Amino acid sequence: MSYRPTIVAFLCNWCAYTGADLAGTSRLHYAPNIRIIRVMCSGRVEPTFILKAFQQGADGVLVCGCHPGDCHYHEGNYKCLRRFKLIQKYVDQMGIEKDRLRLEWISASEGQQFAELVNNMTKTLLLLGPVKIQRSLEVQHLKQ
Amino acid sequence: MSDSSIPNPKIKLAVYWGSACGGCCVSVLDTHEKLLDIVNAADLVFWPIAMDIKYKDVEAMADQSIDLTLFNGAVRNSENKHMAEVLRKKSKVLVAYGACAYMGGIPGLANFHSREEIFKRVYEESESTLNPDKVRPVEEFEVKEGVLKIPEFFNDVYTLNQVVDVDYFIPGCPPQSERLVEVFTAVITGIGLPPKGSVVGALEKTNCDECLRKKTDNKVIKRFYRPWEIEDDKETCFLEQGVICMGPATRGGCGVRCVTGHSPCRGCYGPPPNSTDPGAKMMSSIGTMIDADSPEEIDEIIETIVDPAGLFYRFSLPGSILGRKVL
Ligand code: SF4
Ligand code: SF4
Ligand code: FES
């Protein structure tokens, strides 16, 4: 079976999700590899969400929020950025390639940018190949 | 051995170590004079640190004939796995006792490496190794008396629950002995035992809720320090002094004993209820305390956390969401 990367994307309701919606309503063609999860704010994205996504087989995880200064809840995207930087360092230590995890700011009018971002990330993941995390774990097989 | 004329027959108790340091077994002895109460209420049927009973004797016991087994240590090799399976079968109640059985513990840090990396280091590269032929241990070796066998060393370290079904978990490295007495009493009386799968002998709150150091809600951190880099004022919350303390991501129950002794908590009691991954919880808490808005400044601050993976998952790597380093 040929490899089709899966991207799990957490998009904030107010900017990024609306931007993704715009990409759709403008009938832009972009890679169908993304699975979007809408959250109220990028500040809601807990490290657990990202780790769980990888554990359950996501080849890439994308977090998108409003541009700095534009967060509907003022500070959420800054909180997100700080956590993101930390988890990025952790994920890197765990041997998951840095490019599999991205944080980008998308405004409600940036449908085009969103489509390009998904295309770009899909391309990168195609080059990287499937995430190796499940293969390196015997854990699942031990308990009958 | 139980005498039917005694109305309350003694319960049968086993204590076993998998991949462990021995500290958990010692913590059982640390119940001091309460140990006598335990011995009064229980027949110890198997306890390798204290009694000479062979595996084959345990294998010969009837299924479900042990009332309570405290299994400490992680599962690192096929011997640990075999005994976990045997004891699961023979025991009515199987408890993962201590951080290693519960989350993988210190031996679980080996999941940052592969079996090959570990063998290469130990049998070829370490400063004290002289092994020009690069001899490695083999699982089976033929001698004229027969075949010698040693256990298989797994690539991964596992928690007990990843290998067999576990009834209860008692956290701690090692668990506080007072907690053991409480749990033991609950098991023999059957009173106050929570549903299967619960963490027992610990609190529902975090260590921060229990900690007496001065703290504010608005923690802001400009840089992190390793404990030896600053002089602890002995009264302000470690995190507020910039020293990473696992308190917010750790279940209470130990009496915050490290912080009381002026050392930051390292998280041996595992994550608090409703969170499965102590590191994720910790990253979530301290991520928001970082006092910077620009990506560069944030990077600089995070640079001062030397080894987040090793620090946040010191006792819990095998039981964490990712479980091991990707190979
Ligand atoms: S972070 Fe550590 S020192 Fe601070 S309140 Fe929590 S347990 Fe106490
Ligand atoms: S303070 Fe933390 S590291 Fe120390 S015993 Fe308690 S839970 Fe374990
Ligand atoms: S609402 Fe978009 S990042 Fe907060």
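The notes below deal with the structure included here. The shown structure was predicted, so the numbers you read here are calculated from the model rather than taken from an experiment.

## Some thoughts on helix 7 (residues 177-189) of chain B
All names here are of chain B.
Here is step 1 of the chain: Compared with the 18 Å implied by 1.5 Å per residue over 13 residues, the 19 Å span of helix 7 between its first and last C-alpha is a close match.
Here is step 2 of the chain: When helix 7 is considered as a whole, its buried residues turn out to be Ser 177, Leu 180, Val 181, Val 183, Phe 184, Ala 186 and Val 187.
Here is step 3 of the chain: Where helix 7 terminates, the next one or two residues include Gly 190, which has phi positive at roughly 75°.

## Remarks on unusual backbone geometry
Residue and element names in this part refer to chain B.
Here is step 1 of the chain: Of the consecutive residues Cys 173 and Pro 174, the connecting peptide bond is found in the cis state with omega at -10°.
Here is step 2 of the chain: Residue position: Pro 174 is located in the loop between strand 9 (168-170) and helix 7.
Here is step 3 of the chain: For Gln 64, which is not a glycine, the phi torsion comes out positive at approximately 60°.
Here is step 4 of the chain: With respect to the helices and strands, Gln 64 occurs in the loop between helix 3 (55-59) and strand 3 (66-72).

## Overview of the interface of chain B and chain A
Here is step 1 of the chain: Taken together, the contacts link 40 residues of chain B with 30 residues of chain A.
Here is step 2 of the chain: Between chain B and chain A lies a buried interface of about 3500 Å² when both sides are counted; carbon and sulfur atoms form 65% of it.
Here is step 3 of the chain: Looking at the side of chain B facing chain A, the largest losses of area belong to Ile321(B), Leu322(B) and Val326(B), adding up to 22% of the total buried there.
Here is step 4 of the chain: Across the contact surface, chain B and chain A share two salt bridges.
Here is step 5 of the chain: Between chain B and chain A we count twelve residue pairs in polar contact (both at pLDDT 80 or more) in total.
Here is step 6 of the chain: Of all the secondary-structure elements, those providing two or more residues to the side of chain B that touches chain A are helix 4 (78-90), strand 8 (153-158), helix 10 (278-287), helix 11 (295-303) and helix 12 (308-312) of chain B.
Here is step 7 of the chain: Its residues placed into classes, the side of chain B that touches chain A shows 22 nonpolar, seven polar and eleven charged.

## Description of the site of ligand 1
Here is step 1 of the chain: As a structural note, the neighbourhood of ligand 1 is formed by Cys208(B), Cys211(B), Lys215(B), Cys237(B), Phe238(B), Leu239(B), Cys245(B), Gly247(B) and Pro248(B).
Here is step 2 of the chain: Here the shell around ligand 1 is built from residues that sort into seven nonpolar, one polar and one charged.

## What to know about the packing of helix 3 (residues 76-93) of chain A against helix 11 of chain B
The packing of two helices is summarised by the inter-axis angle and the distance between the axes.
Here is step 1 of the chain: Closest axis-to-axis distance for the helix 3 of chain A/helix 11 of chain B pair is 10 Å, and the angle between their directions is 45°. Viewed along their axes, helix 3 of chain A and helix 11 of chain B adopt a mutual orientation that is oblique. Viewed along their axes, helix 3 of chain A and helix 11 of chain B form a crossing whose handedness is right-handed. On helix 11 of chain B, the residues touching Leu81(A), Arg82(A), Lys85(A), Leu86(A) and Lys89(A) of helix 3 of chain A are Pro295(B), Ile298(B), Asp299(B), Ile302(B) and Glu303(B).

Quick notes on the rules
Residues numbered from 1 in each chain as written. Chains lettered and ligands numbered in written order. Predicted model: local features only at pLDDT ≥ 70, side-chain atom pairs only at ≥ 80, totals over all residues. Heavy atoms only, no water. Helix = DSSP H or I, 4+ residues; strand = E, 2+ residues; numbered from the N terminus. Expected span 1.5 Å × (residues − 1). Buried < 20%, exposed > 50% of the residue type's maximum accessible area, 1.4 Å probe, protein only. Contact = heavy atoms within 4.5 Å. Buried area = accessible area lost by both parts, 1.4 Å probe. Salt bridge = Lys/Arg side-chain N within 4 Å of Asp/Glu carboxyl O. Polar contact = N/O pair within 3.5 Å; in protein donor to acceptor, adjacent residues only side chain to side chain. Nonpolar A, V, L, I, M, F, W, Y, C, P; charged D, E, K, R; others polar. Near = heavy atom within 4 Å. Axes fitted to C-alpha atoms, helices over the stretch in contact; angles between N-to-C directions. Parallel < 35°, antiparallel > 145°, perpendicular 65-115°, else oblique. Left-handed = near helix turned anticlockwise from the far one by under 90°.

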